[in-house]
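Chain residues, written in single-letter form:
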Amino acid sequence: MIPTITAFERSPDRGRGLARDMGVRWALEEVGQPYAIRLLSFGEMKKSAHRMLHPFGQIPTYEEGDLTLFESGAIVFHIAERHAGLLPDDANARARAIAWMFAALNTVEPPIVDRGMAILLEHDKSWFEERLAILDDRVRVRLGELSSRLGDADWLDDAFSAGDLMMVTVLRRLNGSGVLEKNPNLSAYVARGEARPAYKRAFDAQLAVFTGQPPTS
């Protein structure tokens with residue numbers, strides 16, 4: 001059975017791979033699972049039909065038979081549990097990969113999102129520069145901790161896993177900000193994730209929605 005996920009009809013990120021269906025697309029591409037996409041307008045996302053799938057009126061959702069899921073992390077975890085390739089076979093390594101998924105979403109992403117939202121919504125406030133300095137420092141601390149843990153390794157825990165997929169997806173929110181580059185090993189880590197064929201297929205598919213042009217690969 002081919003699962004169906006929902007995505008923005010017109011993504012606010014202009015197809016740069018930052019919308020939250022990106023991680024789900026990437027996971028599906030990594031495991032070789034075909035999928036269908038149902039595109040939604042902002043208006044449709046808030047209607048009762050979609051809220052039956054996602055109580056908060058957001059994307060993505062995941063439908064497979066009688067199963068419906070929301071929250072990108074939960075969906076990626078489900079995909080990783082159902083298919084080989086994103087979670088190690090060894091029980092301890094598997095548990096560590098799952099821990100990194102949680103770390104990406106619960107520890108690393110919040111200060112990054114807070115910073116991005118402040119730049120978007122609060123840049124004209126008199127206190128913006130002071131607040132931005134505080135937010136920058138929070139991001140700097142988290143990235144420093146992550147950089148120290150990663151060291152010169154390719155991935156967070158030996159082989160690529162769903163933990164790396166979620167962490168790279170989160171760190172990409174800093175692309176173009178100049179913040180990530182202060183930790184060269186993290187920049188290289190993100191570049192390795194973006195170089196994976198499955199990532200490229202997912203990115204091209206998401207970009208094609210915005211451009212209206214078919215994927216190049």
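Residues numbered from 1 in each chain as written. Predicted model: local features only at pLDDT ≥ 70, side-chain atom pairs only at ≥ 80, totals over all residues. Heavy atoms only, no water.

When pLDDT is averaged across the protein, the result is 94; 98% of the residues are at 70 or more. The spread of mean pLDDT over the elements of the protein runs between helix α9 (residues 197–211), the lowest at 92, and helix α7 (residues 162–171), the highest at 98. (pLDDT = per-residue confidence, 0-100. Helix = DSSP H or I, 4+ residues; strand = E, 2+ residues; numbered from the N terminus.)

This next bit is on the nonpolar core. Membership of the largest hydrophobic core comes to 48 residues, with the highest contact counts inside it found for Met-167 and Leu-171. At the level of elements, α1 (21–31), α4 (72–82), α5 (91–121), α6 (128–150), α7, α8 (184–194) and α9 are the ones that each hand at least two residues to this core. Per-element tally for this core: the top contributor is α5, with eight residues. With residues near it in sequence (within four places) discarded, Leu-171 still touches Val-108, Ile-112, Leu-143, Leu-146, Leu-180, Tyr-189 and Val-190. (Core = buried A, V, L, I, M, F, W, Y, C linked by side-chain atoms within 4.5 Å. Buried < 20%, exposed > 50% of the residue type's maximum accessible area, 1.4 Å probe, protein only. Contact = heavy atoms within 4.5 Å.)

Geometrically, the link from Ile-59 to Pro-60 is a cis peptide bond, its omega value of 5° lying close to zero. With respect to the helices, strands and loops of the structure, Pro-60 is situated in the loop between α3 (48–51) and β3 (61–64). One non-glycine residue, Glu-71, adopts positive backbone phi at about 75°. Within the secondary structure, Glu-71 sits in the loop between β4 (67–70) and α4.

α8 packs onto α7 with a crossing angle of 115° between their chain directions and a minimal axis gap of 9 Å. Put simply, α7 runs roughly perpendicular to α8. Every pair of crossing elements has a handedness; the one defined by α7 and α8 is left-handed. Two secondary-structure elements touch here, α7 through Asp-164, Met-167, Val-168 and Leu-171 and α8 through Tyr-189, Val-190 and Gly-193. (Axes fitted to C-alpha atoms, helices over the stretch in contact; angles between N-to-C directions. Parallel < 35°, antiparallel > 145°, perpendicular 65-115°, else oblique. Left-handed = near helix turned anticlockwise from the far one by under 90°.)

Attention shifts here to the pairing of β3. Across two bridges, the pairing between strand β1 (residues 4–8) and β3 is antiparallel. By the bridge assignment, Thr-4 is partnered in β3 with Glu-63. The sheet contact formed by β3 and β4 spans four bridges and is antiparallel. Following the sheet pairing, Glu-64 is matched in β4 by Leu-67. Linkage of β3 to β4, two consecutive antiparallel strands, is achieved through a turn of two residues, within which Gly-65 is found at a positive phi near 60°. (Pairing = 2+ DSSP bridges.)

Two quantities define a packed helix pair, namely the angle between the axes and the distance from one axis to the other. The geometry of α1 relative to α9 is characterised by a closest axis approach of 8 Å and an angle of 135° between their N-to-C directions. In this view, α1 runs oblique relative to α9, as classed from their interaxial angle. Here α1 and α9 pass one another in a crossing that is right-handed. Each of Asp-21, Met-22, Arg-25, Trp-26, Glu-29 and Glu-30 in α1 lies in contact with α9, whose residues at this interface are Ala-198, Tyr-199, Arg-201, Ala-202, Phe-203, Ala-205, Gln-206 and Val-209.

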